[in-house]
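Observations on the three-dimensional arrangement
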Amino acid sequence: LVVSNQGGPAFCAGANVLMILMNAMQDNYAAIDEGLVTLQGIMQRAKYNNKPVVAAPRGMTLGGGCEVAMHCAATQAHGELYMGLVEVGVGLIPGAGGCKELVVRFLGDVPQDIEYDPNPYVQKAFERIALAKVSTSAEEARGLGYLRPTDRVTLNPDRLVGDAKALALGLVKAGYKAPKKRTVKVPGTTGRAALELALYGMHEGGYATDHDMVVSTKLANVLCGGDVPWGTVRTEQDLLDLEREAFLFLAGTEGSKARMQHFLQTGKPLRN
């Protein structure tokens, strides 16, 4: 399967913010939760499918679009790629597996019988999401961790889908097998405390707003694996559950509702 979009300047610019806001305003959090469960399930099915799913993103690949590409078996990206997890701009965090996948990419390849400190890896993932870092090219997206070292780049947009199809067929001919599910060792409450201390300094220095603190604290809890001791091993589903819980909490806050409404009206983020 090849996932692409040739109908405009964006592969996918993210989720339907209006739908999320309307459900939040009506206290219909069950509908938001159902949507998150469905999206997370689709992403995991794409990642662990026995047949390769290849993404062919170009242009704006933001939020949910970035999550789609990150969960595919491989990516054939156009050279001009504005890719990132930007949900904090509307007072939310990635809820379709973006937090989980970035942590797994940074930590999942480290053998668990090796003693290592997961904090630096989690801090890098936190920076990517909390600062809404967006690439300006495919190679920059690779450096940020949104693309893998093995993902490929096409410079001619007219060849993008064709190259993606060839990549998918090549994976099948090479005997593609779905990856094994991975676990990660997380920093837990120790790592969360370190991130919260850094956030406090940013807030006191005027670099983070009051609601930035609310959103970023929830994000830190997800990336650090929740309320568990340092070195706890967590599954992908554990991290997905934490993502969903944090997303629902933030969607219900007045600060996030104000951000979503302001973005829909102006197309710009609200610093509240």
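For the structure itself, look to the data block above.
Quick summary incoming for the structure in this document. (Residues numbered from 1 in each chain as written. Predicted model: local features only at pLDDT ≥ 70, side-chain atom pairs only at ≥ 80, totals over all residues. Heavy atoms only, no water.)

Quick look at the overall build of the protein chain now. For the protein chain, the count of helices and strands is eleven helices and nine strands. Rg of the C-alpha trace for the protein chain: 18 Å, near the compact-globule value of 19 Å for 272 residues, within the 12% margin. Viewed in the frame of its principal axes, the protein chain has a C-alpha envelope of about 55 × 50 × 35 Å. Burial analysis of the protein chain (272 residues in total) assigns 48% to the buried set. Restricting to contacts in the protein chain with at least 6 residues of sequence separation, those with at least 24 account for 75%. Across the protein chain, the centroid of the 28 positively charged side chains sits 8 Å from that of the 28 negatively charged ones. (Helix = DSSP H or I, 4+ residues; strand = E, 2+ residues; numbered from the N terminus. Rg over C-alpha atoms; globule rule 2.2 N^0.38 Å. Buried < 20%, exposed > 50% of the residue type's maximum accessible area, 1.4 Å probe, protein only. Contact = heavy atoms within 4.5 Å. Lys, Arg positive; Asp, Glu negative; His and termini not counted. Charge placed at Lys NZ, Arg CZ, Asp CG, Glu CD.)

Take the nonpolar core next. Among the nonpolar cores identified, the biggest contains 58 residues, and Tyr146 and Leu223 are the most heavily contacted of them. Contacts of Tyr146, omitting those with residues within four sequence positions, involve Cys66, Met70, Met83, Gly84, Leu85, Leu102, Arg105, Arg128, Lys133 and Ala141. Formed by seven residues, the second largest nonpolar core is a distinct cluster that contains Ala56, Leu160, Leu167 and Ala168. (Core = buried A, V, L, I, M, F, W, Y, C linked by side-chain atoms within 4.5 Å.)

Scanning the model with the defined rule gives 16 salt bridges in all. A salt bridge links Asp33 to Arg244, with the shortest nitrogen-to-oxygen separation between them at 2.8 Å. One end of the pair, Asp33, is in helix α2 (residues 29–47); the other, Arg244, is in helix α10 (residues 236–251), with 211 residues separating them in the sequence. For Arg244, a relative accessible area of 18% corresponds to the buried category. (Salt bridge = Lys/Arg side-chain N within 4 Å of Asp/Glu carboxyl O.)

Right, let's talk about the pairing of strand β5 (residues 74–78) for a bit. Among the five residues that make up β5, five are buried, leaving the element largely enclosed by the rest of the structure. Neither face of β5 is exposed, since Ala74, Gln76 and His78 on one face and Thr75 and Ala77 on the opposite face are all buried. Pairing between strand β3 (residues 54–56) and β5: two bridges, direction parallel. Within β5, the position partnered with Val54 by the bridge is Ala74. (Pairing = 2+ DSSP bridges.)

Another point: the packing of helix α1 (residues 17–25) against α2. Closest axis-to-axis distance for the α1/α2 pair is 7 Å, and the angle between their directions is 145°. Listed contacts from α2 to Ile20, Asn23 and Ala24 of α1 are Tyr29, Ala31 and Ile32. Its residues assigned to classes, the contact of α1 with α2 comprises five nonpolar, one polar and no charged. (Axes fitted to C-alpha atoms, helices over the stretch in contact; angles between N-to-C directions. Nonpolar A, V, L, I, M, F, W, Y, C, P; charged D, E, K, R; others polar.)

Moving on, we get to the sheet that holds β3. The four strands lie next to each other as β1-β3-β5-β7, forming an open sheet whose pairing is parallel. In this open sheet, the two edge strands, each paired with only one partner strand, are β1 (2–4) and β7 (152–154). Averaged over all neighbouring strand pairs, the angle between strand axes comes to 20°, with direction disregarded. Two elements, β5 and β7, share three bridges in a ladder whose sense is parallel. Following the sheet pairing, His78 is matched in β7 by Thr154. Each of β1, β3, β5 and β7 touches helix α7 (residues 160–173); the most contacted strand, β5, lies at about 165° to it.

What follows is about unusual backbone geometry. Positive phi, close to 55°, is recorded for Asp27, a residue that is not glycine. Mapped onto the secondary structure, Asp27 falls in the loop between α1 and α2. You will see that Ala132, though not glycine, has its phi angle at about 50°, which is positive. Of note, Ala132 is situated in the loop between α5 (119–130) and α6 (138–144). The class of Ala132 is partly exposed, set by a relative accessible area of 23%.

To continue, consider the environment of Val90. Summarising the element assignment, Val90 is placed in the loop between β6 (81–84) and α4 (98–107). Overall, the relative accessible area of 10% leaves Val90 in the buried class. Considered as a pair, Val90 and Arg259 are 169 residues apart in the sequence and their alpha carbons are 4.9 Å apart. Val90 has contacts with Val17, Ser256, Arg259, Met260 and Phe263, leaving out every residue within four places of it along the chain.

So, on to the packing of aromatic side chains. Taken as a whole and judged by the stated rule, the model has one aromatic pair. Relative to Tyr121, the ring of Tyr116 has its centre 6.3 Å away and its plane inclined at 90°; by these criteria the two rings are edge-to-face. Judged by relative accessible area, Tyr121 falls into the partly exposed class, the value being 35%. Its end group placed over the ring of Tyr48, Lys181 keeps NZ or CZ at 5.5 Å from the ring centre. The aromatic ring of Phe249 is capped on one face by Lys218, whose charged end is 4.3 Å from the ring centroid. (Phe/Tyr/Trp six-rings, centres within 6.5 Å; stacked < 30°, edge-to-face > 60°. Lys NZ or Arg CZ within 6 Å of the ring centre and 35° of its normal.)

Honestly, that's just the spatial picture; any functional story needs more than this.
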